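# Descriptive analysis of the structure
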Amino acid sequence: MEEGFLIQQRQMESDLSSDTSHKSSVDFLMNWFRKRSIFVLAYGTGCGAIEMPPTFTSRYDAERLGIRGAATPRQADVIIVSGYCSYKTLRRIIRTYEQMANPKYVLALGSCTVNGGMYWDSYNTIKKLEDYIPVDMYVSGCMPRPESILEGFLALQKEIAEGKASSWQRYEENYEFYRKNQEKVLGRNVAPAYDADWYLYDGGL
Amino acid sequence: MNTLIRNRFGTDEIEVKRDDLSKVTVVKYRVFELIHLLVEQYGYTTLNAITCADWIEEGHFAITYMLTTRARRHTFMVQTMIGREEAKIDSLTMLFPQAEIMERDLHEMYGIDFPGNGNLVELSLENWVHTPPLRREFDTLAFVNELHDFREGRDDNLDVKAEMKRLRALKKAAKEAAAKKEALKTEEKEEASQPSAAQKESGHGK
């Protein structure tokens, strides 16, 4: 009970302190709407996905802050890259991220997305997520508890309210940089092919 | 059964590891004969796993087939050595269809070829073009350093080992100081209590 109360308290305080004086009232309203209805893609990439169900269900109840799940990338505002991210997953993340509609935000959980974490010398995971897709907010820890995830969301909400969270613009402006890094680890065919070979024909799973 | 296997396959000894686990090493071209014998005559009907160990110094892979009886009472490890160069051994899918995915795994991780297995496509890796990653000549660190650069630490980051040492020393010093204080206190108490006891005794005496 106490954590929830403290988080609400902090959110109210952050509302007061956010500096929005230089924005027009339309911008202020837009950001306020965006901040209060964050739809999170129901997608887990690593071990960190296990912390998301308690965050979104009754124990920590992220929905009271306007954060809730979305079924498909086209309906989602936020993608959480939770924990280690292998090359194979990175392909799907890039595809998913590019399917999402603007404005979109990326929340990276765990030390693996920050600097490789315990997989720093693994042959099959990426080390810094921000080289491949732009990241708005990192939540460090191995694994971060739901409280930390909520704090990360609150920090993200604050940035949205101030109009600072603009990673999708960074992705569009520096697309060559990101594409170069993606091709470095994934080869020429970055996005996975849309075919059903693995399902329809012998030779699949 | 053990003597039969020994006589027929010319192996030195059947190693009994536990009550429910034995291991036998045979040459490559007689593995399937032995497995067939175990399956047909002795009821080792379950293939648990196909494992591989890379003995780079000796220049071979040790492939182990683990077979278990129907009642799960006994497990037999049938091991064979194959050369690391052009590693190749026949597929077991004719006897055990479930060997397909295990062989697929070994093919991906060690680059072993299994003639007879028609489905040796990649299992968990994607578009892998380097040396198979579990072969010991594959240098993981060099691979990682080539593809990635690491984030530098914070400006105020500290050496973890030195810091732990320092904290431990601090803790120890604090503990010692506390112990000293306690000892002083008890001494004082004893000093304080002794005369009173003497007085009491003297009082008693009166």
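Residues numbered from 1 in each chain as written. Chains lettered and ligands numbered in written order. Predicted model: local features only at pLDDT ≥ 70, side-chain atom pairs only at ≥ 80, totals over all residues.

## Some points on the environment of W128(B)
Residue and element names in this part refer to chain B. Put simply, the rule reads: Helix and strand definitions here come from DSSP, where helices need a minimum of 4 consecutive H or I residues and strands a minimum of 2 consecutive E residues; each element is numbered from the N-terminal end. Three exposure classes are used. Buried residues have 20 or more other C-beta atoms within 10 Å of their own C-beta, exposed residues have 12 or fewer, and partly exposed residues fall in between, all C-beta atoms being placed from the backbone.
Following the sequence through the fold, W128 ends up in the loop between α3 (99–110) and α4 (140–147). By the C-beta count within 10 Å, which is 15 here, W128 ends up partly exposed. Separated by 20 residues in the primary sequence, W128 and E108 have C-alpha atoms spaced 8.9 Å apart.

## A few points about the pairing of strand β4 (residues 60–68) of chain B
Residue and element names in this part refer to chain B. Definition in use: Pairing between strands requires that DSSP locate at least two bridges from one strand to the other.
Only one face of β4 is buried, namely the one carrying F61, I63, Y65 and L67, since none of H60, A62, T64, M66 and T68 on the opposite face is buried. Note: strand β3 (residues 46–55) against β4, nine bridges, orientation antiparallel. Residue pairing for β4: W55 is matched across the bridge by H60. Turn length for the β3-β4 hairpin, with the two strands adjacent in sequence and antiparallel, is four residues, and the turn residue G59 shows positive phi of about 80°. Where β4 and strand β5 (residues 75–83) come together, nine bridges link them in antiparallel fashion. Within β5, the residue paired with T68 across the bridge is T75.

## Looking at the confidence of the model for chain B
Atomic detail in the predicted coordinates should be set aside for any region of low pLDDT. For clarity, the threshold we go by: The predictor attaches a confidence to each residue, and that confidence, scored 0 to 100, is pLDDT.
Confidence in the prediction for chain B averages 86 pLDDT; 93% of positions are at 70 or higher. Interface predicted TM-score (ipTM) for the complex: 0.75; the corresponding pTM is 0.76.

## Focus on the nonpolar core
Note the following rule: Joined through C-beta atoms within 7 Å, a set of buried Ala, Val, Leu, Ile, Met, Phe, Trp, Tyr and Cys residues constitutes a nonpolar core. Here contacts are defined at the residue level, using C-beta atoms placed from the backbone and a cut-off of 7 Å between them.
Among the nonpolar cores identified, the biggest contains 41 residues, and V78(A), I79(A), I80(A), V81(A) and L107(A) are the most heavily contacted of them. Among the secondary structure elements, those contributing two or more residues to this core are β1 (38–41), β3 (78–82), α4 (87–99), β4 (105–109), α5 (111–115), β5 (137–139) and α6 (146–162) of chain A. Ranked by residues supplied to this core, first place goes to α6(A) with six residues. Beyond its immediate sequence surroundings of up to four residues, V78(A) is in contact with I38(A), V40(A), L41(A), Y105(A) and L107(A). Of all hydrophobic cores here, the second largest spans 24 residues; its members include A87(B), M102(B), L106(B) and I112(B).

## Notes on the packing of helix α2 (residues 25–36) of chain A against α6(A)
All names here are of chain A. The criterion, for reference: Note on definitions: angles span 0 to 180 degrees between N-to-C directions of axes, and those axes are lines fitted to C-alpha atoms, for helices only across the stretch in contact. Note on angle classes: values under 35 degrees are labelled roughly parallel, values over 145 roughly antiparallel, values of 65 to 115 roughly perpendicular, and the remainder oblique. Handedness of a crossing is defined here by the sense of rotation of the near helix relative to the far one, left-handed for an anticlockwise turn of less than a right angle and right-handed for a clockwise turn. Amino acids outside the nonpolar list (Ala, Val, Leu, Ile, Met, Phe, Trp, Tyr, Cys, Pro) and the charged list (Asp, Glu, Lys, Arg) are all regarded as polar, and Gly is one of them.
Relative orientation of the contacting elements α2 and α6 amounts to 160°, with a least axis distance of 8 Å. By the angle between their axes, α2 is roughly antiparallel relative to α6. For the pair α2 and α6, the sense of crossing is right-handed. In this structure, α2 uses N31, W32, R34 and K35 to contact α6, whose residues at the interface are Q157, I160 and A161. Of the residues assigned to the contact of α2 with α6, the class counts are three nonpolar, two polar and two charged.

## So, unusual backbone geometry
Most peptide bonds adopt trans geometry, and most residues besides glycine take a negative phi value. Cis geometry marks the peptide bond from N102(A) to P103(A); its omega dihedral reads -10°. Mapped onto the elements, P103(A) comes out in the loop between α4 and β4. The backbone phi angle of R72(B) is positive, close to 60°, even though this residue is not glycine. Tracing the backbone through its elements, the reader meets R72(B) in the loop between β4 and β5. We note that E86(B) has phi near 50°; this positive angle belongs to a residue other than glycine. Along the polypeptide, E86(B) turns up in the loop between β5 and α3.

## Describing the interface of chain A and chain B
In this assembly, 14 residues from chain A lie in contact with 14 residues from chain B. Among the elements of the structure, α4, α5 and α8 (175–186) of chain A are those that each provide at least two residues to the side of chain A that touches chain B. Tallied by class, residues from the side of chain A that touches chain B come to four nonpolar, five polar and five charged.

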